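This is what each chain is made of:
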Amino acid sequence: MTPRLALVLARRITVMTVQNDSRYRAQRLQNKATEIDRGDVSAALAYAEYLLPQWNGSSGDALEFAQEFAQVSGKPARDYVLLWVHSQLADEDYLKSKRRDQTIRTLVRRLDSTFPNAWQTHLAAAEIYAVTSTWKDYAEALQTAAKLGHVESMRRVATYLVSGERGFHKDANAALEWRERLARQGDTAAMVDLAWQFLRGQAVPKDREKGLAWLKRAALKDSALAHTALGQLYSSGKLVAKDLTRARRSLEEGRRLGDPRGAFELGRLYNRGAFGARDAERATSLLLEAGQGGVSEAWLYLARCYEASSLALAPAQAPGSAPRRRSPRGHRPHAQDRRALTPDAA
């Protein structure tokens with residue numbers, strides 16, 4: 001089968017999967033692909049996905065098809081379809097067994113001997129081990145995928161080397177090496193992580209200049225996270241000279257590029273009157289935008305400000321806030337209690 005025809009058939013099966021099209025039609029396309037090339041992996045993967053229980057089949061259907069394909073296909077990559085199906089069904093009780101572990105190890109060994117530089121094999125195995133909480137095997141598989149060049153695996157490895165989670169032992173120096181490798185390849189997320197590592201002195205001497213240089217380099221590549229981080233630094237004045245003009249410009253850019261935390265930080269600054277007169281309406285709009293974008297702190301901040309009557313927020317807009325209760329007659333909160341309800345404390 002030509003690569004173009006294989007891709008067309010695979011895409012048509014994928015469309016059927018999403019549209020919940022008839023199994024008869026999907027199977028006809030898969031049979032057509034098999035008639036042309038018994039070992040076409042792209043169409044087989046698409047049909048295996050169609051048979052998954054979350055779409056149009058069952059666990060048994062998907063596994064049975066993958067096993068049949070592995071037997072009839074003459075291509076070495078046939079084992080990958082079976083391994084992929086196992087990774088998608090790893091939360092099924094009947095797969096949580098020693099036999100399942102042996103099957104996975106056998107498939108990985110065979111695929112690794114045939115395709116020694118394929119990160120896909122080890123990433124699929126890592127996904128299985130993650131669902132079944134086999135963390136030692138997960139760490140080994142993920143590191144192998146990272147060493148073979150899979151960018152997302154590199155990021156995860158660096159993260160877990162810092163936190164010491166998911167079968168990894170804490171090793172900030174190793175995390176630094178992974179991040180430097182990613183950063184040299186142009187990965188902006190790694191640049192931002194590397195910047196914070198230098199700014200905080202994690203496994204390296206604190207180096208403000210290097211940290212800022214990595215942030216600015218990532219910002220030049222339109223990293224929303226980098227722009228927001230620069231805005232936070234300029235607004236706080238802790239590691240760099242305070243510059244609210246630069247802070248607002250950087251946070252606005254981070255927000256424009258899709259980071260909701262940029263909106264959150266801007267909302268706090270507008271609420272404090274950092275740019276002149278306090279603008280409660282603008283602050284409210286930005287904080288609501290941040291909350292809707294997934295920044296949970298924005299909802300907490302809004303609720304506390306609403307309770308303190310410090311924002312132009314109507315009661316119906318206050319997310320999850322209970323009706324305000326009046327203080328008992330003659331009761332006046334202490335100064336410390338009042339400070340706890342100010343926007344800065346939120």
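Scroll up to find the structure this text is about.
Only a predicted model underlies this, so the values are computations on that prediction, with no experimental measurement involved.

J.: What am I meant to see in the pattern of salt bridges here?
T.: When their charged atoms lie close together, side chains carrying opposite charge are able to pair. By the definition in use, this model includes twelve salt bridges. Close ionic contact of Asp-243 with Arg-246 constitutes a salt bridge, the shortest N to O distance being 3.7 Å. Looking at Asp-243, the relative accessible area reads 25%, which means it is partly exposed. Where salt bridges share partners, they join Glu-152, Arg-155, Arg-156 and Asp-187 into one cluster.

J.: Just to check I follow, could you spell out the environment of Ala-190 for this structure?
T.: Its place among the elements puts Ala-190 in helix 11 (residues 188-200). For the pair formed by Ala-190 and Arg-179, sequence separation is eleven residues and the distance between their alpha carbons is 5.2 Å.

J.: Explain the packing of aromatic side chains to me, please; I cannot follow it from the model alone.
T.: The description of an aromatic ring pair uses the distance of the two centres, along with the angle that the planes make with each other. One pass over the structure, following the stated rule, counts five aromatic pairs. Centre to centre, the rings of Phe-264 and Tyr-301 are 6.1 Å apart; their planes meet at 90°, and the pair counts as edge-to-face. Here Phe-264 is found in helix 15 (residues 260-272), whereas its partner Tyr-301 is found in helix 17 (residues 296-307), with 37 residues between them in sequence. Each member of the aromatic cluster is reached from another via a ring pair, and the members are Trp-135, Tyr-138, Tyr-160 and Phe-168. A cation sits over an aromatic face here: Arg-166 above Tyr-138, 5.9 Å from the ring centre.

J.: What is the right way to read the nonpolar core from this model?
T.: Soluble globular proteins tend to bury their nonpolar side chains together. Leu-83, Val-85, Tyr-138, Leu-142 and Phe-168 are the most contacted members of the largest nonpolar core, which totals 47 residues. For this core, the secondary-structure elements that each account for two or more residues are helix 3 (41-50), helix 4 (59-72), helix 5 (78-88), helix 6 (98-114), helix 7 (119-131), helix 8 (135-147), helix 9 (151-163) and helix 10 (172-184). If one sorts the elements of this core by residue count, helix 7 sits on top with seven residues. Every residue in contact with Leu-142, bar those within four places of it in the chain, is listed here: Leu-123, Ala-126, Ser-153, Arg-156, Val-157, Tyr-160 and Phe-168. Core analysis: the next-biggest nonpolar cluster, separate from the first, contains 22 residues, Leu-176, Met-191, Ala-195 and Tyr-234 among them.

J.: What am I meant to see in helix 10 here?
T.: Helical geometry note: an α-helix holds 3.6 residues per turn, so side chains three or four residues apart project in the same direction. Taking 1.5 Å of rise per residue, 13 residues should cover 18 Å, and helix 10 covers 18 Å from first to last C-alpha, within 8% of that figure. Every buried residue of helix 10 is listed here: Ala-174, Ala-175, Leu-176, Trp-178, Arg-179, Leu-182 and Ala-183. Looking at the buried positions of helix 10, the neighbouring elements they touch are helix 8, helix 9, helix 11 and helix 12 (208-220). Downstream of helix 10 by one or two residues, Gly-186 has phi in the positive range, about 95°.

J.: Would you explain the side chain of Ser-235 in this entry?
T.: Locating Ser-235 in the fold gives a position in helix 13 (residues 224-236). Only 3.0 Å separates the side chain of Ser-235 from the backbone oxygen of Gln-232, close enough to count as a polar contact. When neighbours within four sequence positions are excluded, Ser-235 is seen to be in contact with Lys-242, Leu-244, Ala-247 and Leu-269.

Reading guide: rules and limits
- In every chain, residue numbers begin from 1 and rise along the written sequence.
- Predicted model: local features are reported for residues with pLDDT of at least 70 only, side-chain atom pairs are reported and counted for 80 or more only, and whole-chain, interface and lining totals are derived from all residues.
- Side-chain measures were taken over the full set of non-hydrogen atoms in the model, leaving aside hydrogen atoms and water.
- Salt bridge, as applied in this entry: a Lys or Arg side-chain nitrogen positioned within 4 Å of an Asp or Glu carboxyl oxygen.
- For the exposure calls, accessible area comes from a 1.4 Å probe over protein chains only, and a residue counts as buried if that area is under 20% of its type's maximum, exposed if over 50%, partly exposed in between.
- Here a strand is any run of E in DSSP of at least two residues, a helix any run of H or I of at least four, and the numbering for each starts at the N terminus.
- By convention, a stacked pair of Phe, Tyr or Trp rings (six-membered ring in the case of Trp) has centres within 6.5 Å and planes under 30 degrees apart, an edge-to-face pair has planes over 60 apart, and any other such pair is tilted.
- As a reminder, the over-ring test applies to NZ of lysine and CZ of arginine, requiring each to be within 6 Å of the ring centre and within 35 degrees of the ring normal.
- The set of buried Ala, Val, Leu, Ile, Met, Phe, Trp, Tyr and Cys residues whose side-chain atoms join them within 4.5 Å is what this entry labels a nonpolar core.
- Contacts are residue-level and defined by heavy atoms, with any inter-residue pair within 4.5 Å sufficient.
- To estimate how far a helix should reach, multiply one less than its number of residues by 1.5 Å.
- Each polar contact in these results corresponds to two N or O atoms within 3.5 Å; when the atoms are within protein, one needs to be able to donate a hydrogen and the other to accept it, and residues that are neighboring in sequence are counted only if both atoms are side-chain atoms.

All we've got here are geometric facts, nothing functional implied.
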